[in-house]
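Overview (structure and organization)
Each chain is listed here by its residues.
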Amino acid sequence: MESWRWTYSGIYTEDFISNWIRENYSKTRLLQQIAMAQLRKDAFFLGAFDSSKLVGFIHFRVSGSTAELLRLYLKPDYTRSKIGSKLLEEAERLMDRSGVTECILYVHSSNNIGVSFYQKKGFFCKGNEGDDLIMVKKYRNQK
Ligand code: ACO
């Protein structure tokens, strides 16, 4: 929630952000999504912890040889700490084990931090959908 506000204030209205957080980041909703991911084994949530405090997470899903990176968010004070890089590396290790050859993501075109991070990690812009850039990274997978 904190990361969402930090990232999108100035991009979306306060009302939009509050509604989005209420609908997508309630404890109930997140627990449902995590339970479904564990059941279907097609999606993953990885957390980053400082001692026992959750400071960031990555959420992605795998479908055949394609993965979609759905969310990668850190608490604002933990940005530029390489934690995002470590979460992405761990996600890519799991994707590799699943035989993924391509990862796709959607990032708001005005989210300069997100866009520059993904570019540095080897994602390139494939097009756009509304205000979102569609970014893709290809992997060589021998599996
Ligand atoms: N200000 C400017 N650039 C930043 C910042 C910041 N506070 N934080 C990270 N970056 C970018 C820069 O490109 C930086 O490179 P540089 O230091 O050479 O300028 C690079 O990320 C640093 O890499 P890391 O330290 O590994 O990045 P970090 O640990 O911060 O993780 C992440 C990156 C996940 C994007 C994090 O900054 C974050 O949570 N940002 C807000 C949420 C967000 O935008 N998430 C992506 C939404 S789209 C989606 O989830 C599919």
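Whatever comes next refers back to the structure up there.
Presented here is an overview of the structure given in this document. Not measured: the values here are computed from a predicted model. (Residues numbered from 1 in each chain as written. Predicted model: local features only at pLDDT ≥ 70, side-chain atom pairs only at ≥ 80, totals over all residues. Heavy atoms only, no water.)

Around the ligand, 25 residues are found, and the nearest of them are Leu72, Arg80, Lys82, Ser85 and Ser116. Within the backbone of Leu74, one N or O atom sits 2.8 Å away from an oxygen atom of the ligand. In the environment of the ligand, an oxygen atom lies 2.8 Å from a nitrogen or oxygen atom belonging to the side chain of Asn111. Those elements that provide at least two residues to the shell around the ligand are helix H1 (2-8), strand E3 (66-74), helix H4 (83-97), strand E4 (102-108) and helix H5 (112-120). Per-element tally for the shell around the ligand: the top contributor is E3, with 6 residues. In terms of residue class, the shell around the ligand is built from 13 nonpolar, 8 polar and 4 charged. (Near = heavy atom within 4 Å. Polar contact = N/O pair within 3.5 Å; in protein donor to acceptor, adjacent residues only side chain to side chain. Helix = DSSP H or I, 4+ residues; strand = E, 2+ residues; numbered from the N terminus. Nonpolar A, V, L, I, M, F, W, Y, C, P; charged D, E, K, R; others polar.)

Here the focus is the state of the cysteines. With the rule as written, the count across this model stands at 0 disulfides. Of all cysteine sulfurs in the structure, the one in Cys103 sits closest to Cys125, which takes part in no disulfide; the separation is 14 Å. Residue class for Cys125 comes out partly exposed when judged on its relative accessible area of 43%. (Disulfide = S-S within 2.5 Å. Buried < 20%, exposed > 50% of the residue type's maximum accessible area, 1.4 Å probe, protein only.)

By themselves, these observations are geometric and do not establish any function.
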